[in-house]
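# A structural walkthrough
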Amino acid sequence: MITTILTIPTLLFLAAHAFRMGCSGGAVFWLTAGFLAIAPVPWKSWALAGLLGFGSWLWADVTFTLVQQRIAFGLPWVRLAAILGTVTLVCLAAAILNWRRARVSGWPGSSVQASAFLLTVTGLAIAREKTSLDIILLDRFFPSGGWIAIILLGWYAAWIAGKMLRPGNSAKWRRTIWTVFSAVFFLQLGLGLLGFERFLMTGSLHLPIPALIAAGPLYRGDGFFMIILFAVTLVLVGPAWCSHLCYIGAWDNLAAEGKKKPGALPGWTTTGRWLICLAVLATAILLGRSGQPLFTAVALAAVFGLLGIVIMLTWSRRSGIMTHCTTYCPMGLLANIFGKINPWRIRIDEKCCRCGICTRSCRYGALTVRDIEGGKAGLNCSLCGDCISGCPHGHLHYRFPGLGNEAARSCFIVVIVALHALFLGVARL
Ligand code: SF4
Ligand code: SF4
Ligand code: SF4
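All values derive from a computational prediction rather than experimental measurement.

Rules and cut-offs
Residues numbered from 1 in each chain as written. Chains lettered and ligands numbered in written order. Predicted model: local features only at pLDDT ≥ 70, side-chain atom pairs only at ≥ 80, totals over all residues. Helix = DSSP H or I, 4+ residues; strand = E, 2+ residues; numbered from the N terminus. Rg over C-alpha atoms; globule rule 2.2 N^0.38 Å. Buried ≥ 20, exposed ≤ 12 C-beta atoms within 10 Å, placed from the backbone. Contact = placed C-beta atoms within 7 Å. Domains from an automatic or database assignment. Expected span 1.5 Å × (residues − 1). Pairing = 2+ DSSP bridges. Near = placed C-beta within 6 Å. Nonpolar A, V, L, I, M, F, W, Y, C, P; charged D, E, K, R; others polar. Core = buried A, V, L, I, M, F, W, Y, C linked by C-beta atoms within 7 Å. Axes fitted to C-alpha atoms, helices over the stretch in contact; angles between N-to-C directions. Parallel < 35°, antiparallel > 145°, perpendicular 65-115°, else oblique. Left-handed = near helix turned anticlockwise from the far one by under 90°.

### Focus: the overall build of the protein
- The secondary structure content of the protein amounts to 18 helices and 2 strands.
- In terms of overall size, the protein behaves like a compact globule, its C-alpha atoms giving a radius of gyration of 25 Å where 429 residues would be expected to give roughly 22 Å.
- Counting only residues that meet the buried cut, the protein has 43% of its 429 residues in that class.
- Of all intrachain contacts in the protein linking residues separated by at least 6 positions in sequence, the fraction that spans at least 24 positions is 75%.

What follows is the structure in structure tokens.
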């Protein structure tokens, strides 16, 4: 009780301070965060401990700055330091009380949920503050709307992390949030095409074909935003772009799910994949160097994209494997190769009885007999995690250096869910 009594006024103080400093967005943020204090969610204490810890750092910074200013102008400063110092300590006390309450709360996943909340909120706040355009969609429609969106998306991330923590649920929820992301992406694109430019990130349209993430800059020699974004996700979550974050991959997943049990990829697909990837990148460079007009490049890209849809509707649907992503799209191969810089892996432990049941869970063709015998997922693995619940004996795990199996999986869920919420929150195209 004392924790809640201390927490609510502390958040109100932070809101009032932000408002007084002319930052109405910050005031909205702290007021919205106040709802967390009365919400019946098990992870709120961890989240409030984090927010109030940040709040006490803010108060300490304000105290230090104002005291220094007063000393510089030869003004009295002791009373001010005492008042603001007390406010800082009260905020810190509220953070510590919430942290103590969190440690005794029953649901073991609450720290994971709160981490997803805090990571999402932090990521979106940095993205909002560091970019010149209104990157949070709601900011384009309501003044300070972005701050409300940030808290709500943090809340959403915590909810999804809670769902995905239960191994039996994670495959279903992964596919659901991936499909939702793709649907929101294309809804936004559709609205942009209808003339509502505010739904587009820069106000201009681009072809939504993943191959262009690499081929576009090679052709133009500029426009590196998407390739940098892609590279950042490789560093953070390896190839998981291709199982959680790509707007087109979700379609291939839906197409492959048309068949209940995935088949096997022909042996030549690995070579074919390399050839397609090299051909796409070489074509982009040649088109750019030879000064071919944009129309030619766009027409070729559109044909490539349409062919990809035909592959999904035919081959993926018939085979049950995501053949578009595992044989055709160059970004899939680049994600698999360069994703190795990230240490998260899927490993099969030594107690595996080679029953092969987990193969049925993998739509990427990354659990062949050879892979299982080798004790690890194949090159195509996108870290989707579906096979973890697919092994009835519990011999498949996420691995990360220095972490146990459960901790590795929890950390992966925190990062990937926060990235998903972040991608949902920003104006995308
Ligand atoms: S392989 Fe290509 S289309 Fe498939 S998920 Fe990856 S980037 Fe997207
Ligand atoms: S289902 Fe489990 S035990 Fe069977 S092959 Fe896969 S990892 Fe091994
Ligand atoms: S091996 Fe497991 S984690 Fe990797 S793609 Fe296949 S199902 Fe997903």
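### Here's the deal with the domain arrangement of the protein
- For the protein, the assigned domains are domain 1 (1-106) and domain 2 (206-342).
- Averaged C-alpha coordinates put domain 1 and domain 2 at centres separated by 46 Å.

### Quick look at helix H3 (residues 44-72)
- For H3, built from 29 residues, the straight-helix expectation of 42 Å at 1.5 Å per residue is met to within 8% by its first-to-last C-alpha distance of 41 Å.
- Following H3 by one or two positions, Gly-74 has its phi on the positive side, about 70°.

### Concerning the pairing of strand E1 (residues 345-348)
- Side chains Ile-346 and Ile-348 of E1 all project onto a buried face; the interleaved residues Arg-345 and Arg-347 project onto a face where none is buried.
- Here E1 runs beside strand E2 (residues 396-399); their pairing, made up of 4 bridges, is antiparallel. For Ile-348, the partnering residue across the bridge sits in E2 and is Leu-396.

### A closer look at the site of ligand 1
- In the vicinity of ligand 1, the contacting residues are Pro-210, Cys-242, Cys-246, Ile-248, Gly-249, Asp-252, Cys-325, Cys-329, Met-331, Gly-332 and Ala-335.
- In terms of residue count, the dominant contributor to the shell around ligand 1 is helix H15 (residues 330-338) (3 residues).
- Residues belonging to the shell around ligand 1 are distributed by class as follows: 8 nonpolar, 2 polar and 1 charged.

### Some words on the site of ligand 2
- Taken together, 13 residues are adjacent to ligand 2, and Cys-352, Cys-355, Ile-357, Cys-358 and Cys-391 come closest.
- Here the shell around ligand 2 is composed, by residue class, of 9 nonpolar, 3 polar and 1 charged.

### Concerning the nonpolar core
- Core analysis: the largest hydrophobic core is formed by 119 residues, its most contacted members being Ala-116, Phe-117, Ile-150, Ala-157, Ala-161 and Val-417.
- Split by domain, the residues of this core number at least three in each of domain 1 (1-106) and domain 2 (206-342).
- Residues in contact with Val-417, not counting those within four places in the same chain, are Ala-116, Ala-157, Ile-160, Ala-161 and Met-164.

### With respect to helix H18 (residues 405-425)
- Taking 1.5 Å per residue, 21 residues should reach 30 Å; H18 reaches 30 Å between its end C-alpha atoms and fits that length.
- A large share of H18 lies buried, amounting to 15 of its 21 residues.

### Some points on the packing of helix H7 (residues 167-193) against H18
- Look at H7 against H18: their axes get within 10 Å of each other, and the N-to-C directions meet at 15°. In terms of their interaxial angle, H7 and H18 are classed as roughly parallel. Here H7 and H18 pass one another in a crossing that is left-handed. Facing Ile-177, Phe-181 and Val-184 of H7, the residues of H18 in contact are His-420, Phe-423 and Leu-424.

### Notes on unusual backbone geometry
- In this structure, Arg-354 takes a positive phi of about 60° despite not being glycine.
- Along the chain, Arg-354 turns up in the loop between E1 and helix H16 (369-374).
- Note on Arg-354: 9 C-beta atoms within 10 Å, which makes it exposed.
- For Leu-383, which is not glycine, the phi torsion reads 60° and is therefore positive.
- Assessed through the 24 C-beta atoms surrounding it within 10 Å, Leu-383 is described here as buried.

### Some details on the packing of helix H2 (residues 24-38) against H3
- At a closest axis distance of 9 Å, the pairing of H2 and H3 adopts a crossing angle of 145°. Once H2 is placed against H3, the crossing between them reads as left-handed. In this structure, H2 uses Ala-33, Leu-36 and Ala-37 to contact H3, whose residues at the interface are Lys-44, Ala-47, Leu-48 and Leu-51.
- Looking at the contact of H2 with H3 residue by residue, the classes come out as 6 nonpolar, no polar and 1 charged.

### Observations regarding the environment of Phe-225
- Along the chain, the position of Phe-225 falls in helix H9 (residues 225-237).
- Overall, Phe-225 belongs to the partly exposed group, with 13 C-beta atoms counted inside 10 Å.
- Phe-225 sits 12 residues away from Ile-213 along the chain, and the two C-alpha atoms are 8.8 Å apart.

### What to know about the environment of Leu-383
- Here Leu-383 lies in the loop between H16 and helix H17 (386-390).
- In the structure, Leu-383 is positioned 281 residues away from Ala-102 in sequence and 30 Å away in space, judged by C-alpha atoms.
- When residues no more than four places from it in sequence are discounted, the contact partners of Leu-383 are Val-237, Gly-238, Pro-239, Ala-240, Ser-243, Trp-344 and Ile-346.

### A short note on the environment of Leu-48
- Along the chain, the position of Leu-48 falls in helix H3.
- Look at Leu-48 and you get buried, because 29 C-beta atoms sit within 10 Å.
- As a C-alpha pair, Leu-48 and Ala-94 span 46 residues in sequence and 8.6 Å in three-dimensional space.

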